[in-house]
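This is what each chain is made of:
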Amino acid sequence: MKIATWNINGVKARIENLLHWLGEAEPDIVCLQEIKSVDEQFPREPVEALGYHVETCGQKGFNGVAILSKLRFDEVNRGLPGDGEDVQARFIEGVFSTASGVLRVVSLYLPNGNPVASEKFSYKLGWMKRLEGWTRERLTLEEPLVLAGDYNVIPEPEDARDATAWVDDALFRPESRQSFRRLAHLGMTDALRAVSDEKDVYTFWDYQGGAWQKNNGIRIDHLMLSPEAADRLSAAAVHKHTRAWEKPSDHVPVVAELAFEAA
DNA sequence: ATGGTCGAAGGTCGA
């Protein structure tokens, strides 16, 4: 089973690229971020025509996450618990039945957090703390769990072409990296790093400054796996070629292959 | 030193 994450930076602007990639990559479950659309305006018909069920957690103008799945949803949960004031659409969980048992998949869009000297950074760190608590609870279920999304965290210096350029950025601040490590230390495995220690592997290249042409990228889109999911991991890859397409997203898909059979 | 690119908007904000 192929499970993917992709920040598509606007589903309406990216629908042709999305449909093309779905046909080419044939993922079973896709976690989307930054759909930048309310639920009613998500172009679900062409996606459903390819055999996907669609669940969205949208919002007007920005943010917004979704899960596309060839498996039927048994359950859907929207929003990261722990802050009743937080109205930003950044978290959706789907629960599925497979022949190999239950599978839980989250599409998350972690706050960017810039500028650091603002409430946006404390919002980011608070959100990460809530994610850590939520994950700790879910792990007690001892089920396969995939936390897939745009984490807006560069975990290590080798995850940036030029880490020195990011030292004062919320994506690479020690507090952000430390919080990401706390999540890993709960027992969550970084799928890509579990199969490869290859350098110069990035998932985001800024539209500005010719970042793509210079391969000035960062790795911030991750699939984090519970032990029961990591045990089934056989492969993981970054679909870099999509960044060279016409009208690309600034992020590319990351895909993990897990040994699950559809129910 | 400045502005450099996009998307969702239909002015500007978020990234």
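Cut-offs used in this document
- Residues numbered from 1 in each chain as written.
- Chains lettered and ligands numbered in written order.
- Predicted model: local features only at pLDDT ≥ 70, side-chain atom pairs only at ≥ 80, totals over all residues.
- Heavy atoms only, no water.
- Helix = DSSP H or I, 4+ residues; strand = E, 2+ residues; numbered from the N terminus.
- Rg over C-alpha atoms; globule rule 2.2 N^0.38 Å.
- Buried < 20%, exposed > 50% of the residue type's maximum accessible area, 1.4 Å probe, protein only.
- Contact = heavy atoms within 4.5 Å.
- Lys, Arg positive; Asp, Glu negative; His and termini not counted.
- Charge placed at Lys NZ, Arg CZ, Asp CG, Glu CD.
- Near = heavy atom within 4 Å.
- Polar contact = N/O pair within 3.5 Å; in protein donor to acceptor, adjacent residues only side chain to side chain.
- Nonpolar A, V, L, I, M, F, W, Y, C, P; charged D, E, K, R; others polar.
- Pairing = 2+ DSSP bridges.
- Salt bridge = Lys/Arg side-chain N within 4 Å of Asp/Glu carboxyl O.

Chemist: Any details on the overall build of chain A? Residues and values, ideally.
Modeler: For chain A, the count of helices and strands is 6 helices and 14 strands. Over its C-alpha trace chain A gives a radius of gyration of 17 Å, about what one expects of a compact globule, namely 18 Å for 263 residues. Projected onto its principal axes, the C-alpha positions of chain A cover 45 × 45 × 40 Å. Scored against the burial criterion, the 263 residues of chain A give a buried share of 54%. Contacts spanning at least 24 positions in sequence make up 69% of the contacts within chain A whose residues lie at least 6 apart. Looking at chain A, you have 30 positive and 41 negative side-chain charges, and the mean spots of the two groups are 3 Å apart.

Chemist: Talk me through the protein's contact with DNA strand B; I want residue IDs and the actual numbers.
Modeler: Near DNA strand B lie 15 residues; those nearest to it are G10, A13, R14, Y207 and Q208. Taking the atoms of DNA strand B that fall within 4 Å of the protein, sugar and phosphate contribute 72% of them. At 3.3 Å from a phosphate oxygen of DNA strand B is found a side-chain nitrogen or oxygen belonging to R14. Take the surface near DNA strand B: its biggest share by element is 4 residues, from helix α1 (residues 11-25). Looking at side-chain class alone, the surface near DNA strand B contains 4 nonpolar, 5 polar and 6 charged residues.

Chemist: Describe the sheet that holds strand β9 (residues 189-190), naming the residues involved and giving the relevant values.
Modeler: Reading across the sheet, the 6 strands line up as β5-β6-β7-β8-β12-β9 and stay open at both edges, with mixed pairing between neighbours. Each edge of the sheet is formed by a strand with only one pairing partner; in this case those strands are β5 (75-78) and β9. As defined by bridge partners, β5 adjoins strand β6 (residues 91-98) across 4 bridges and the pair is classed as antiparallel. Pairing of R78 across the sheet is with I92, part of β6.

Chemist: Residues and numbers for the pattern of salt bridges, please.
Modeler: Under the criterion given, the structure shown has 15 salt bridges. A salt bridge links R138 to E93; the shortest N-O distance between them is 2.9 Å. Placement of the pair is R138 in helix α3 (residues 119-139) and E93 in strand β6, with a sequence separation of 45 residues. The class of E93 is buried, set by a relative accessible area of 1%. D159 is paired through a salt bridge with R193; the nearest N and O atoms lie 2.8 Å apart. Placement of D159 in the loop between β8 (145-150) and α4 (174-185) and of R193 in helix α5 (residues 191-195) is noted, with a sequence separation of 34 residues between them. What makes D159 buried here is its relative accessible area of 1%. The network of salt bridges with shared partners includes E93, R104, R138 and E143.

Chemist: Any chance you could break down the pairing of β6 for me, citing the residues and the numbers?
Modeler: For β6, the tally of buried residues reaches 7 of 8 residues, placing the bulk of the element in the interior. Across 8 bridges, the pairing between β6 and strand β7 (residues 101-109) is antiparallel. By the bridge assignment, T98 is partnered in β7 with G101. Hairpin connection, β6 to β7: the antiparallel pair is bridged by 2 residues.

Chemist: Could you give an account of unusual backbone geometry, with specific residues and numbers?
Modeler: A cis amide bond links N114 to the next residue, P115, at an omega of -5°. Tracing the backbone through its elements, the reader meets P115 in the loop between β7 and α3. The backbone of E34 sits at a positive phi, close to 55°, despite the residue not being glycine. Relative to the assigned elements, E34 resides in the loop between β2 (29-33) and α2 (44-48). Judged by its relative accessible area of 14%, E34 is buried. One non-glycine residue, N215, lies in positive phi territory at about 50°. One can find N215 in the loop between β10 (204-205) and β11 (217-218). Of the residues examined, N215 reaches a relative accessible area of 17% and is grouped as buried.

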